Structure formats: C-alpha cells, structure tokens
Amino acid sequence: MVFRVDRRVRFADVDAAGIVFYPRYFEMINACVEDWFETGLEHGFDAMIVKGNHAVPLAHIDVEFKAPSRLDDELAFKLVVTEVGRSSFKLTIKAWHENEVRMIAKLVLVYIDMGKHVPVRIPEIMRARMLTFEEVK
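Remember, predicted model here, so these are calculated numbers, not experimental data.

Trainee: So what exactly am I meant to see when it comes to the overall build of the chain here?
Mentor: Looking only at helices and strands, one finds three helices and eight strands in the chain. Scanning the chain from its N terminus toward the C terminus, one meets helices and strands in the order β-α-α-β-β-β-β-β-β-β-α. Here the chain has a C-alpha radius of gyration of 15 Å; the compact-globule value for 137 residues is 14 Å, and the two agree. Along the three orthogonal principal directions, the C-alpha set of the chain runs to about 45 × 35 × 25 Å. A burial count over the chain gives 40% of its 137 residues as buried. In the chain, the proportion of contacts linking residues at least 24 apart, taken out of those at least 6 apart, comes to 65%. About 7800 Å² of surface is accessible on the chain, with carbon and sulfur atoms providing 53% of the total.

What follows is the structure, encoded as structure tokens:
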C-alpha cells in the first residue's frame, strides 16, 4: 500500500524564479511523514510526542530534485516503507505532478525515548502498521 497526500504549491513555497524553493520541500516531506503517522499509522505526533514520551527524529535524508515544481502545481506525495528495523525505519517519498516525478526523498528515522534520547524498540502495533506500507519489490 502507498500512503498519499496531495498538496498544491503555494506562493510561499516558490522562489523568485517561480519554482519550489528547495528548503520548502523538506517542510513538505516532514508534513507527509506527520500525516502518515496520524492517518496511516493511527498514532499521530500529538499522541507520540505530547502525550507520550517518544519521537522520530530524522537520522539521514537523501533528496533528488528531478524537475521543477511551480506555483499552483498539484503535487501528490507518495510514501512507502522500504525497511523496518528494531528502532529505525526507512521511507521513500516521491512528489509527483501528473505523470512526472518531481522529487524523490529517501529517509531514515529513529524511534527514540525523548527523556533518555536513546533509540528504543518500535512498538509491535506500530511496526505492523508500518509494514502495510512496505514497498512492493
């Protein structure tokens, strides 16, 4: 299964050249991950961070910008899980406009105990939900 979030490119997202300013993509990527936790995993950041004692900081990101996105483009962010370890997991997020890939991001996030700032085991229910979004190979 693929998790999908649609987002229109807004004026605040573009630079003077009229294309998405690359740091805005990082905000969009983070928003996609946050939406995935909320609706895909049914365990949003509020439950995890504010009411709980866990977080999922980014350990690594590799982004490739394939083609420019412009004001008012409708982007479809598609997220798949590529690996789930004991305390870390890997995601690939692609931003599409119509039939063209605009951006590909590969992320590694780590499930941590916020009080101790150490990686901890991903809860089994969350792990099972993550695996429903596993990339078909």
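Structure shown, so let's carry the discussion forward.
Trainee: Before we go on, may I ask you to explain the side chain of Asp113 in this structure?
Mentor: Tracing the backbone through its elements, the reader meets Asp113 in strand β7 (residues 112-113). Here Asp113 is buried and forms no salt bridge, its nearest opposite-charge partner Lys116 lying at an N-O distance of 4.9 Å. Setting aside chain neighbours within four positions, we find Asp113 in contact with Asn53, His54, Val118 and Val120.

Trainee: What exactly am I supposed to notice about the nonpolar core here?
Mentor: Within soluble globular proteins, side chains that are nonpolar tend to cluster in buried spots. Within the largest apolar cluster, 34 residues are counted, with the highest numbers of intra-cluster contacts made by Val33, Trp36, Phe37, Phe77, Phe89 and Met130. Put simply, the parts of the chain that give this core at least two residues each are β1 (3-8), α1 (22-40), α2 (45-50), β4 (74-84), β5 (88-97), β6 (100-110) and α3 (124-131). The element contributing the most residues to this core is α1, with seven residues. Dropping the residues within four chain positions of it, Phe89 is found in contact with Trp36, Phe37, Val56, Glu83, Val84, Leu107, Val108, Leu109, Ile122 and Met130.

Trainee: Hey, could you run me through the layout of surface pockets in this one?
Mentor: A water-sized probe, rolled over the atoms, reveals where empty space remains. Taken as a whole, the largest pocket holds about 160 Å³ of empty space. Where the lining of the largest pocket is concerned, the elements lending two or more residues are β4 and β5. Looking at side-chain class alone, the lining of the largest pocket contains six nonpolar, one polar and four charged residues.

Calculation notes
- Residues numbered from 1 in each chain as written.
- Predicted model: local features only at pLDDT ≥ 70, side-chain atom pairs only at ≥ 80, totals over all residues.
- Heavy atoms only, no water.
- Helix = DSSP H or I, 4+ residues; strand = E, 2+ residues; numbered from the N terminus.
- Rg over C-alpha atoms; globule rule 2.2 N^0.38 Å.
- Buried < 20%, exposed > 50% of the residue type's maximum accessible area, 1.4 Å probe, protein only.
- Contact = heavy atoms within 4.5 Å.
- Areas by Shrake-Rupley, 256 points an atom, 1.4 Å probe, with all protein chains shown as cover.
- Lys, Arg positive; Asp, Glu negative; His and termini not counted.
- Salt bridge = Lys/Arg side-chain N within 4 Å of Asp/Glu carboxyl O.
- Core = buried A, V, L, I, M, F, W, Y, C linked by side-chain atoms within 4.5 Å.
- 1 Å grid on protein atoms, 1.4 Å probe; cavity = no way out; pocket = protein on both sides within 12 Å on 5 of 7 lines; lining within 4 Å.
- Points joined across faces, edges and corners; volume = space filled by probe spheres on them.
- Nonpolar A, V, L, I, M, F, W, Y, C, P; charged D, E, K, R; others polar.

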